[in-house]
Amino acid sequence: MKITLNWLRELVEVVLSTGELCNALVMAGIEVESVEEHRPEWGAVEIAEILALASHPNADRLTLCRVRTAHDERDVVCGARNMQAGDKVALAPPGAVLPGERHIERATIRGVASEGMLCSTAELGLAEEGGDGIWILPADAPLGRPLVEYLGAEDTVLDLGVTPNRGDCLSVLGIAREVAALTGARLHARPVTVAQDETPASQLARVAVEAVDLCPRYDARVVRGVRIAPSPPWLRTRLALVGLRPINNVVDATNFIMIERGQPLHAFDRARLAQSVVTARRAGSRQHFTTLDGVTRELLPDDLVIADAEAPVALAGIMGGADSEIRPETADVLLESAYFTPETIRRTARRLAITTDSSYRFERGVDPEGTVAALDRVTELIVANAGGMVARGVLERRAPGRRAPNAIRLRSARVNALLGTRLTQSEIERPLRAVGATVTAAGKSVVRVVPPSHRFDLREEVDLVEEVARITGYDRIATTLPAMVPGGPGPGAQRTGEQLMRDVLRAAGFNEMVTLALVAPEENRTFPGLAEMGGDAVALTNPPSTDAAELRRSLLPGLLRALDENRRHGEPLVAGFSLGRVYARESERYHERESLALLLAGEWPPPAFREPARPATFFDLKGALELLLARMHLVTPRWEPAPDLAAWLHPGKAATISIEGVLCGLAGALHPDLVAARGLEVEPWMAELDLRRVVQYFPRRIIFQPLARFPAIERDVAVIADIDFQAQQVLDAITEIAHPLVEEVRVFDQYTGTPIPEGKQSIAFSLSYRAADRTLTDDEVNAVHEEIVARLLRRLPLEGRR
């Protein structure tokens, strides 16, 4: 938003320099984005009056003008013919400089002396229509006054960045209030006089509000007999300085007061309003509406419009309609000043992709009690510039039951606790009164604060605390350490467990990969996570792209994208893991879970292990997961084939991971169809764990045991079983036997081929025996070992092999 310093000085006494003013505004939370000094080159041009015109004695196309200045009379030769005696004009005297380094000197033109030059708007570099002829100024232009002063063209423009919660600062008056609060200066009271005739406005127009929830207040005035013409030069210049294009004396007045007071206004041609009625209502149906910019837009039933007796004439708070705009022939004007709820303006403006100066202010909020003051001010300005008669009275509609701003209870102790200060009661109250709030005592060290109507951002006690700090000055608050004792509950078991997982997996050669939570719908269908998660994918209302339209149900798509990227860069090994959340929705209920995913593809192990490289296998992935769970002090997980559990898994290379009978994850190779679709030349091995289920098995306490004092004795056994027999069955059977001397059982070999019969396999197990109180003898171990082997052969379809 742009304002000028001259305009600001009209509303408040500015005692600070430009630099000091900018610094004060920035420290108060209003960013000064730029400062532009406007100093026209034609500072010596002054206002003069033409006394007489005569033909040039030696040139048919030249005119000899006798002009009067504040000090003398002189002759000026001019080539234009659009002026007459009595006109006020812009005179560039000898010594003046015009744009383009054009120096004006005394000259003799066709034998006649010319002392200066009468200027057109084009020669002064002003963007005005009709710039080819001499610029004829208004009759009340003061003789002899410098033109830059008359126009207000010499000024400083501040471009301010106002935060969305400070809609009250989107005006010169709003900034003036801030300057007054920060410096203690008084606001300049500007009396407004509206001379009204005897005809009641209610006889000329009617106002109604049907959507009181969207338009709590609507005020209007009627002005008859206006003369549409260009605005006075000073008004056009001021609008141009703040970035607005002058249009005519009525529209320019509404724009001027919008910038001055922050209240958007609109002027309707009353003759073009059916039955002279305006109604604030919902559109009611889908329909097309042509706005002032000539664009036809589709309205939805809930869009707020201003309508006459037949159809909409304006998109409320955003833009007027083409059919009711002010035209050169307009004589009677209905002026609108209303309060629209920010939400409805924001919703419609965003949907239609329209941003206007009006919608920008209504979206952020305007003063609901300032509509009539702005209406009277614009009426006064229109009558001054366009003439006309003001009908008696304001046409007003208000929503019933609207209350004044709520009183807020403010505690001095709370102020000082949050700010780290020792402000007294008066030091707390002074900034609040400075911003226009009403402050009354409500107990010991407690006050009752009623914010002014234009400060709709002050709603809670903490807002008032911030206001005390802002007006007092952030730089005047001493830097202190907060009065608090460090401590707290700590990271918690889950966060500690996650950090341990990271450490273990990094030590095992895996790199953590942080991936985006947004995926394409196709990826969610391919990788739906664990079946027990259930629900549907969470779709975004406004996705950034089709490839990021849903929240992920699994971490695996992100790891596969990382695999694609690394393989394109020639990485021979991709070993990665990802810790993160996955999401789902059941009806209107949303839920999320912590998940862990691993991916292993390429030549394993990593070069740092200094071992010969070979293609990664399922057992490398399985080993990493078992190492992880062992370091988490969990029981050994159970692995079982899962040919049909997940569509993304290779049907012959898939397994479930269970702990104490509860499914906690899946592991295996990526399905061949997906490998081919991604153009991968290696087979990726992948796994995903539901950490919510895994974490519940974390031991609450870790019990340390002394190292064994006596040696262990190992015995091996090899059995022959059918090719589809699972070694896990042997491990389960030995666990069930639960012999006290058996310390550990592990599979160390699996073999097929000669001399093993076709359709059979040989599986070798190693059993470790140990006693806590003595060294075992070979006879003891052999007896126990033979008993266990015999029981295995009786319970399972196995053949012994020596």
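Structure's up top.
Residues numbered from 1 in each chain as written. Predicted model: local features only at pLDDT ≥ 70, side-chain atom pairs only at ≥ 80, totals over all residues. Heavy atoms only, no water.

Visitor: I keep staring at the overall build of the chain and nothing clicks. Help me out?
Guide: If you tally the helices and strands in the chain, you get 20 helices and 43 strands. Its C-alpha atoms give the chain a radius of gyration of 43 Å, more than 25% over the compact-globule value 28 Å for 802 residues. Principal axes of the C-alpha set define a box for the chain whose edges measure 140 × 75 × 55 Å. Across the 802 residues that make up the chain, the buried fraction comes to 50%. When the accessible surface of the chain is summed, it comes to about 40,300 Å², and 49% of that surface belongs to carbon and sulfur atoms. Of note, the chain has its 92 positive side-chain charges centred 5 Å away from the centre of its 110 negative side-chain charges. (Helix = DSSP H or I, 4+ residues; strand = E, 2+ residues; numbered from the N terminus. Rg over C-alpha atoms; globule rule 2.2 N^0.38 Å. Buried < 20%, exposed > 50% of the residue type's maximum accessible area, 1.4 Å probe, protein only. Areas by Shrake-Rupley, 256 points an atom, 1.4 Å probe, with all protein chains shown as cover. Lys, Arg positive; Asp, Glu negative; His and termini not counted. Charge placed at Lys NZ, Arg CZ, Asp CG, Glu CD.)

Visitor: Before we go on, may I ask you to explain the pairing of strand β21 (residues 304-307) in this structure?
Guide: Note on strand geometry: in a regular strand, side chains alternate between the two faces of the sheet. Burial along β21 is two-sided: the residues Leu304 and Ile306 and Val305 and Ala307 are all buried. Where strand β18 (residues 277-282) meets β21, four bridges bridge the pair, whose relative direction is antiparallel. From the neighbouring strand, Ala280 faces β21, where its bridge partner is Ile306. Inspection of the sheet shows β21 paired to strand β22 (residues 312-315) by three bridges, in the antiparallel sense. Within the sheet, the bridge partner assigned to Val305 lies in β22 and is Leu315. (Pairing = 2+ DSSP bridges.)

Visitor: How do you make sense of the sheet that holds strand β1 (residues 2-4) when you look at a structure like this?
Guide: Remark on secondary structure: sheet strands pair via backbone hydrogen bonds, oriented parallel or antiparallel. One open sheet accounts for three strands, arranged β1-β13-β2; its pairing is antiparallel. The strands lining the two open edges of the sheet, one partner per strand, are β1 and β2 (31-38). Along the sheet, successive strands turn relative to each other by an average axial angle of 25°, direction set aside. For β2 and strand β13 (residues 155-161), the ladder comprises seven bridges, and the chain directions are antiparallel. (Axes fitted to C-alpha atoms, helices over the stretch in contact; angles between N-to-C directions.)

Visitor: How do you make sense of the side chain of Arg502 when you look at a structure like this?
Guide: You can see Arg502 is positioned in helix α13 (residues 492-507). Reaching out from Arg502, the side chain makes a polar contact with the side chain of Glu512 at a distance of 3.0 Å. Each residue touching Arg502, except ones within four places of it in the same chain, is listed here: Glu512, Phe577 and Leu579. (Polar contact = N/O pair within 3.5 Å; in protein donor to acceptor, adjacent residues only side chain to side chain. Contact = heavy atoms within 4.5 Å.)

Visitor: Just to check I follow, could you spell out the nonpolar core for this structure?
Guide: Buried together is how nonpolar side chains tend to be arranged in soluble globular proteins. By size, the foremost hydrophobic cluster in this structure holds 52 residues, and its most contacted members are Leu8, Leu160 and Ile175. The element that contributes the greatest number of residues to this core is helix α6 (residues 249-261), accounting for seven residues. Beyond its immediate sequence surroundings of up to four residues, Leu160 is in contact with Met1, Ile3, Leu25, Ile30, Glu31, Val32, Glu33 and Ile175. Grouped together as the second largest cluster of nonpolar side chains are 39 residues, Ala205, Leu315, Ile354 and Leu395 included. (Core = buried A, V, L, I, M, F, W, Y, C linked by side-chain atoms within 4.5 Å.)

Visitor: Hey, could you run me through the sheet that holds strand β27 (residues 408-411) in this one?
Guide: The strand order β27-β29-β28 describes an open sheet built from three strands, whose pairing is antiparallel. Of all the strands in the sheet, just β27 and β28 (438-441) have a single pairing partner and so form its edges. Each strand axis lies, on average, 30° off the axis of its neighbour in the sheet, ignoring direction. As paired strands, β27 and strand β29 (residues 446-450) are joined by four bridges and run antiparallel to one another. Directly across from Arg409, in β29, lies its bridge partner Arg448. Seen against the sheet, helix α12 (residues 461-472) touches β27 and β29 and runs at an angle of roughly 55° to β27.

Visitor: Sorry, what's going on with the packing of α6 against helix α9 (residues 371-386) here?
Guide: The description of two packed helices rests on the angle between their axes and on the distance between the axes. α9 packs onto α6 with a crossing angle of 140° between their chain directions and a minimal axis gap of 9 Å. Both α6 and α9 take part in a crossing whose hand is right-handed. In this structure, α6 uses Asn249, Val250, Ala253, Thr254, Phe256, Ile257, Glu260 and Arg261 to contact α9, whose residues at the interface are Ala373, Ala374, Arg377, Val378, Leu381, Ile382, Asn385 and Ala386. (Left-handed = near helix turned anticlockwise from the far one by under 90°.)

Visitor: Even after reading the chapter, I still don't get unusual backbone geometry, so can you show me in this structure?
Guide: If a residue is not glycine, its phi is most likely negative; likewise, a peptide bond is most likely trans. Of note, the bond from Trp604 into Pro605 is cis; its omega dihedral lies within 30 degrees of zero at 5°. Relative to the assigned elements, Pro605 resides in the loop between β34 (589-604) and β35 (614-615). Here the amide bond leading from Thr754 into Pro755 is cis, since omega sits at 5°, within 30 degrees of zero. Within the secondary structure, Pro755 is located in the loop between β41 (742-751) and β42 (760-769). Even without being glycine, Glu101 reaches a positive phi, approximately 55°. Note that Glu101 resides in the loop between β7 (97-98) and β8 (102-103). The exposed category is assigned to Glu101, whose relative accessible area is 57%.

Visitor: I tried to follow the environment of Val742 on my own but got confused; where do I start?
Guide: When you line up the elements, Val742 lands in strand β41. Residues Val742 and His785, spaced 43 residues apart in sequence, show a C-alpha to C-alpha distance of 9.1 Å. Excluding anything up to four places from it in sequence, Val742 contacts Ile734, Ser768, Tyr769 and Ile788.

Visitor: Explanation requested: the pairing of β29 in the structure shown.
Guide: Taken across its five residues, β29 has four buried, putting it largely inside the fold. In this sheet, β29 lies alongside β28 in antiparallel orientation, the contact comprising four bridges. Its bridge partner lying in β29, Thr438 is registered against Val450. Between the end of β28 and the start of β29, which pair antiparallel, lie four residues, with Gly443 showing a positive phi angle near 135°.

Visitor: How do you make sense of the packing of aromatic side chains when you look at a structure like this?
Guide: Geometry of an aromatic ring pair is reported as the spacing of the ring centres plus the angle between the planes. For the structure shown, the criterion picks out eight aromatic pairs. Between Phe510 and Trp604 the ring centres are 5.7 Å apart and the planes differ by 45°, which places this aromatic pair in the tilted class. Of this pair, Phe510 sits in the loop between α13 and β30 (511-512) while Trp604 sits in strand β34; the two residues are 94 residues apart in sequence, bridging distant segments of the chain. Take Phe510 and Trp604: they sit in the same class, and that class is buried. A ring pair is formed by Phe527 and Trp648, whose centres lie 5.9 Å apart and whose planes are at 40°; its orientation type is tilted. Here Phe527 is found in the loop between α14 (521-526) and β32 (550-551), whereas its partner Trp648 is found in the loop between β36 (638-641) and β37 (649-659), with 121 residues between them in sequence. Here the aromatic residues Phe618, Phe619, Trp639 and Trp685 are joined through ring pairs into a cluster of three or more. (Phe/Tyr/Trp six-rings, centres within 6.5 Å; stacked < 30°, edge-to-face > 60°.)

Visitor: Looking at this structure, I do not really get the environment of Ile408. What am I missing?
Guide: In this fold, Ile408 is placed in strand β27. Judged by relative accessible area, Ile408 falls into the buried class, the value being 6%. C-alpha of Ile408 to C-alpha of Tyr751: the two residues are 343 residues apart in sequence and 82 Å apart in space. Ile408 has contacts with Val447, Arg448, Val449, Pro451, Leu458, Arg459, Glu460, Glu461 and Leu464, leaving out every residue within four places of it along the chain.

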